[in-house]
Each structure stands twice: as C-alpha cells, then as structure tokens.
Amino acid sequence: TSSFARMFVQVCLYFYCKCLWRCLKFVVRKLTGQCELQRICYNTKPGAARTMKIEASLKGSKSKRLQTSVNVHPDAIEKTIDDIMELKRINPDRNPQLGVSLQACLLQIVGYRNLIAEVEKLRREPYDSENPQHEEMLLKLWKCLKPNSPLKARISKQWCEIGFQGDDPKTDFRGMGLLGLYNLVYFAEWDTEIAQQVLTDSLHPKYSQLSKAEWEKKKFDKAIGYSFAIVGINITDLAYNLLVSGALKTHFYNVAPEAPTLTHFQQTFCYLMHEFHKFWIDEDPLDIMEFNRVREKFYKRILRQLQNPEMALCPHFAATESLINM
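Residues numbered from 1 in each chain as written. Predicted model: local features only at pLDDT ≥ 70, side-chain atom pairs only at ≥ 80, totals over all residues. Heavy atoms only, no water.

> Explanation requested: the nonpolar core in the structure shown.
For soluble globular proteins, the rule of thumb is that nonpolar side chains tend to be buried together. Of all hydrophobic cores here, the largest spans 87 residues; its most connected members are Ile54, Leu141, Leu181, Phe187, Leu242, Phe265 and Leu272. Each of two domains, domain 1 (34-113) and domain 2 (125-307), supplies a minimum of three residues to this core. Residue contacts for Leu141: discarding those within four places in its chain leaves Ile162, Phe164, Leu181, Leu184, Val185 and Ala188. (Core = buried A, V, L, I, M, F, W, Y, C linked by side-chain atoms within 4.5 Å. Buried < 20%, exposed > 50% of the residue type's maximum accessible area, 1.4 Å probe, protein only. Domains from an automatic or database assignment. Contact = heavy atoms within 4.5 Å.)

And the structure:
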C-alpha cells in the first residue's frame, strides 16, 4: 500500500510540475514576446550549453513535430527549421539569426546521433583476417609503432611488443571489433611520436626516473607497465560508453561547430590515451591487477569534467609536449 501511495504521489507531482512548467513558459512568452527557443538562442552563447538546452526544449515540447525534429535526416534540417519557425509563428525575416542558430544546433544534435550509429557499426564489425583491408590496417599499425623493426611474419610473437596478448592480434579485437583497430591506427598514424613514446613508457614507464640498478630491482617488485594495444582497446570501450551515454555531448557540442564526425571521436580517443597514460603513472599501481580500479577512477574523473557545460576535452587537438618529457 505504501509503495502504491508513493508511486501515486510521484505521478501527481510529475503532472503538477509539468503543467506548472507549461504555464510558466506561457506566461514568460507573453511577457517577453519570445518563445523558449528564441530565449535560449538569444541569451545563451553558442556551444554545449545552448545546444543541450535546445535539445531538451525540442524533446520536451508537446508538439510531435518539434519532438521529432531532433531525429531528422541532415538533408532535411533546413526544412525542419522552416517548420519550427512556422509552428512557433516566428517571422524569419525579423529573426534571421534565430534560423542560423537553430540550424547549427540541429546539425550537432543530429550529427551526434549519426556518429553513434557509425561508431556502433564499426564496433559490431569483427576483424576478418581474410579481408585485405583489415590486414592492411593491422600491418600499418605495426609500421607506425615499430618503423625500424620489420615484422618477420603475420603470425608472430612480435605482436606482444606492441601490447597484444598473443601471436595473432585478431583475437584481441573481439570486444570492440574494428573500432579498436581504427582508433589505434589513428593514434599511431596521426600522433606517431606520442604514440611511440606512450608505447615505450608502457613497457618501462619509470626507467628514465631511476638508475639502471634501481630499475632492475624495482621491476621485479612491481609490474607497473601495461599492454599498449590491449589498453588502447579498453580505452576505446571507455570512449564508446561516454559517447553512447551522451556524456560526450558536452565536449562535441563545444568543439564541433556543426556535426561531430568520426575524426572528432578518434581525436577524443587520442586525448584519453594521453590522459590515461599520465593518470596510470600518477596512480603508481602495485601491478597490472589494479588496472580495473585505475580505469574506473579515471572514467569517473572524465565524467566529472564533462558535467561542466564549458568543457572541451581537446579543443585544439595536438600532441602533449609534457608526455615527451615524462
């Protein structure tokens, strides 16, 4: 009975707040002469704060046309803006900037949804050793990370040198499919110097800070390194969860003036690899068995950062100089 009463109160409260909110919106429109979309666009600067408010306003509208506007095809955005202006009885000639602002917001909103679909498609596609393109990408990863060490054979223990678990990397991509490979290759190809440095540090991250004798003694006490490729696939999973949960909206809406793309996602992955590497060393784990603890702590830190509507994880993506000196 108490459970039913609680549920009844919550339902009543929900409808009361919803009706109260609609009444408040009506009063504010009458006082200001502007609808909620106008007030948001005119009073909030471009970026995540504006786009997320526009998204919430459209989704929370009582009009089905407005609710579905966040799911239109990119080619239909201009017509959707015209429909919104007509529905809200806004004169486009007197409010030219409103249409431009709404279009930018809708491009970001629709683009984020499409990016999730693109990333999901890559994640679901398994690595196929019979596919020449897949094999070519895998070999490119080796060449970028180990340019001075030719791969002696496709099936080789050498793969362990860049952090795979066995002599055939294809088995390690099962969790994230081609997405893991795409991200690793992007990191190794476009941020080669840093990727190679992180790989070196992952094998012996504190060697430069210790004498050789101290390192030889310490490395038997603590396995403070990690498997570069495996961690890359794991950080891909972390980036994927941030994307699908919507947490990355803050970042993407601040860095992508229009629709966020796969490149934006891959740049974010590179940033996360940079930051996790530094975080791992700062945490000074006892051994690799602490990986899940460190990863979870790192994930929560990134989530906290993304709660700030001004947050842009990597506004102008570039190699972090501090990593080179670490």
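> Where do I start with unusual backbone geometry in this structure?
With the exception of glycine, most residues fall at negative phi, and the peptide bonds are largely trans. Despite not being glycine, Arg89 shows a phi value in the positive range, around 55 degrees. Residue position: Arg89 is located in the loop between α5 (77-87) and α6 (96-124). (Helix = DSSP H or I, 4+ residues; strand = E, 2+ residues; numbered from the N terminus.)

> Looking at this structure, I do not really get the pattern of salt bridges. What am I missing?
Counted by the stated rule, this structure contains 17 salt bridges. Residue Glu55 pairs with Lys249 through a salt bridge whose shortest N-O separation is 3.0 Å. Here Glu55 is found in helix α3 (residues 48-59), whereas its partner Lys249 is found in helix α12 (residues 249-255), with 194 residues between them in sequence. For Glu55, a relative accessible area of 8% corresponds to the buried category. Where Asp237 meets Arg295, a salt bridge forms, and the shortest distance between an N and an O atom there is 2.9 Å. Placement of Asp237 in helix α11 (residues 228-245) and of Arg295 in helix α14 (residues 291-306) is noted, with a sequence separation of 58 residues between them. What makes Arg295 buried here is its relative accessible area of 12%. Through salt bridges with shared partners, a single ionic network connects Glu283, Glu290, Arg293 and Lys297. (Salt bridge = Lys/Arg side-chain N within 4 Å of Asp/Glu carboxyl O.)

> For this particular structure, what's the right way to read the packing of α6 against α11?
A pair of packed helices is captured by two measures, namely the crossing angle of their axes and the spacing between those axes. Closest axis-to-axis distance for the α6/α11 pair is 10 Å, and the angle between their directions is 145 degrees. With respect to the hand of their crossing, α6 and α11 are arranged in left-handed fashion. Contact with α6, carried on its side by Tyr112, Leu115, Ile116, Val119, Glu120 and Arg123, involves Tyr240, Leu242, Leu243 and Val244 of α11 and no other residues of that element. Along the lines of polarity and charge, the residues of the contact of α6 with α11 split into eight nonpolar, no polar and two charged. (Axes fitted to C-alpha atoms, helices over the stretch in contact; angles between N-to-C directions. Left-handed = near helix turned anticlockwise from the far one by under 90°. Nonpolar A, V, L, I, M, F, W, Y, C, P; charged D, E, K, R; others polar.)

> Explanation requested: α3 in the structure shown.
Quick reminder: α-helices carry 3.6 residues per turn. Residues three or four places apart thus point the same way. The first and last C-alpha atoms of α3 sit 16 Å apart over twelve residues, in line with the 16 Å expected at 1.5 Å per residue. Buried residues of α3: Ala48, Arg50, Thr51, Ile54, Glu55, Ser57 and Leu58, and no others. Looking at the buried residues of α3, the elements they touch are α2 (36-43), α4 (64-67), α5, α6 and α12. (Expected span 1.5 Å × (residues − 1).)

Scope: geometric values only; no functional claims are made or implied.
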